[in-house]
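So the chains spell out like this:
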Amino acid sequence: MRSGLRRRQVSRVARLVSRQPSFESLEGRHLLSGLGGRLPETVVAPVAAVAVEAASTRVRPLLVRRADRPGRSSVRERNLVYTAPGEPEQRLDIYVPRGEAPEGGWPVVLAIHGGGWRRYSKEQYAARVANPLLRAGFAVVAPNYSLSAPGRPSWPVPRDQLRQAVRWIHTQADRFQLNDQQIAAMGESAGGHLAALLGTAPGEPDSRVQAVIDFYGPVDLVSLPDQSPEAKFAINQFLGGAAFDLAQRRAASPLDHVSPDDPPVLIVQGTADTVVPRAQSDAFAEALGQAGVPYRYVLIPNAPHGFALNVNGRSLMPSIVEFLRDAFARPN
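Below: a short report on this structure. (Residues numbered from 1 in each chain as written. Predicted model: local features only at pLDDT ≥ 70, side-chain atom pairs only at ≥ 80, totals over all residues. Heavy atoms only, no water.)

**Details of the overall build of the protein**
Note the cut-off: Only DSSP runs of H or I covering at least 4 residues are called helices, and only runs of E covering at least 2 are called strands; the numbering of each starts at the N terminus. Note on exposure labels: buried denotes an accessible area under 20% of the residue type's maximum, exposed denotes more than 50%, and partly exposed covers the range between, all computed with a 1.4 Å probe on protein chains only. In what follows, a contact means two residues having at least one pair of non-hydrogen atoms within 4.5 Å. Only the protein chains shown count as cover for residues, and the accessible areas themselves come from Shrake-Rupley with a 1.4 Å probe.
Helix and strand counts for the protein come out as 12 helices and 10 strands. Across the 332 residues in the protein, those meeting the buried criterion constitute 58%. Of all intrachain contacts in the protein linking residues separated by at least 6 positions in sequence, the fraction that spans at least 24 positions is 77%. On the protein, roughly 13,700 Å² of surface is accessible, and the fraction owed to carbon and sulfur atoms is 49%.

**Let's talk about the nonpolar core**
Threshold: Among buried residues, the Ala, Val, Leu, Ile, Met, Phe, Trp, Tyr and Cys ones that are joined through side-chain atoms within 4.5 Å form a nonpolar core.
Among the nonpolar cores identified, the biggest contains 57 residues, and Ile112, Trp168 and Leu239 are the most heavily contacted of them. Sort the elements by how many residues they give to this core and helix H7 (residues 190–200) lands first, with six residues. Counting 35 residues, the second-largest nonpolar core is a separate cluster that includes Ile300, Ala303, Val311 and Val321.

**Describing helix H4 (residues 122–135)**
We apply this condition: Expected helix span is computed as 1.5 Å times (number of residues minus one). Fitting one axis to the seven residues ending at a residue and another to the seven starting there, the bend at that residue is the angle between the two axes.
Between the first and last C-alpha of H4 there are 19 Å, a value that for 14 residues agrees with the 20 Å anticipated at 1.5 Å per step. The largest bend in H4 amounts to roughly 45 degrees and is located at valine 129, with the proline proline 132 lying one to four residues further along. Within H4, 12 of the 14 residues are buried, which leaves the element mostly enclosed by the surrounding structure. Of the positions making up H4, those classed as buried are Lys122, Tyr125, Ala126, Ala127, Arg128, Val129, Ala130, Asn131, Pro132, Leu133, Leu134 and Arg135. At the C-terminal side of H4, glycine 137 shows a positive phi close to 95 degrees.

**Here we look at H7**
Most of H7 is tucked away, with 11 of its 11 residues classed as buried. Three or more residues of H7 are buried, namely Ala190, Gly191, Gly192, His193, Leu194, Ala195, Ala196, Leu197, Leu198, Gly199 and Thr200.

**Considering the environment of phenylalanine 328**
Checked against the element boundaries, phenylalanine 328 lands in helix H12 (residues 317–328). Among the residues examined, phenylalanine 328 registers a relative accessible area of 12% and is labelled buried. Sequence separation between phenylalanine 328 and proline 107 is 221 residues; the distance between their C-alpha atoms is 8.7 Å. Once residues lying within four places of it in the same chain are set aside, the contact partners of phenylalanine 328 are Pro107, Val108, Phe138, Gln182, Ile183, Ala184, Gln210 and Ala211.

**A short note on unusual backbone geometry**
A cis geometry characterises the amide bond from tryptophan 155 onward to proline 156, with omega recorded as 5 degrees. Structurally, proline 156 is set in the loop between strand E4 (139–143) and helix H5 (157–171). Unlike most non-glycine residues, asparagine 302 shows phi in positive territory, near 65 degrees. In this structure asparagine 302 comes out as partly exposed when scored by relative accessible area, which is 28%. One non-glycine residue, asparagine 312, adopts positive backbone phi at about 50 degrees. With respect to the helices, strands and loops of the structure, asparagine 312 is situated in the loop between strand E9 (310–311) and strand E10 (314–315).

Read these as geometric descriptors, not functional statements.
In structure tokens, the structure reads:
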């Protein structure tokens, strides 16, 4: 995150958009594709026709520094139980910007951690993303969910738990001054997969989200095992015996649930990702486009798996904020 952006305390989404250059101007050539509905057309091109040029030869890994940890810029409560009574208990943390909430309440980002459905935690993901989102005027809800382990698959429990996390936001909207009509699900890798499932297979109406931000999430669990040996191991542990059942792999694949009433989707993918290859995001973008779902697809040249909101010191936040502003402006 650039030092200039760190110093600014941004309470409204529009202020950040108006003051910050977009990621497009920072990175050079990139791809935004499939913009539709009310989302503005800035660059429109078919995926296969765009040659993405590298801005650099390597992407430096993002290190979590003490200053990145959510702190004085937010009011926070930790380890709040969000699952229903009688079910395996899961907890979340909530971070709310200080100051007066905008009319209707703070828009919300449900920040879902990755880790192959088997590791990492809400605290680790919040340390990577919460402060930039808070400064941009978003409340952040970071949930844990049931992780898989050898001999203990977790599917479909994480999907169902995160639906409950969305319902929790609705029930707590008044308490935390949240806008429960402006909820975005965001995640990296396995978290991106679960965020995409919330958008494409939301369950009941009170578990729907209004936007999805998918950072290199696996979306087709049928084809991915042949594309990535590392992903195959994680999928087999996540699904257990269901990994050998084609219908179950499809049930766990956001790609198989895309429909015209899905919320807008922002896909962010590195071209050098070998864990979740670009082919996964290409297929997701194509399916969204065919269904008429508004989406944006951003390819990051030479980026491997695992980057967060910064690439070589360049912030993705302006593009994320612009996407959310437009997505939330659409009628629900």
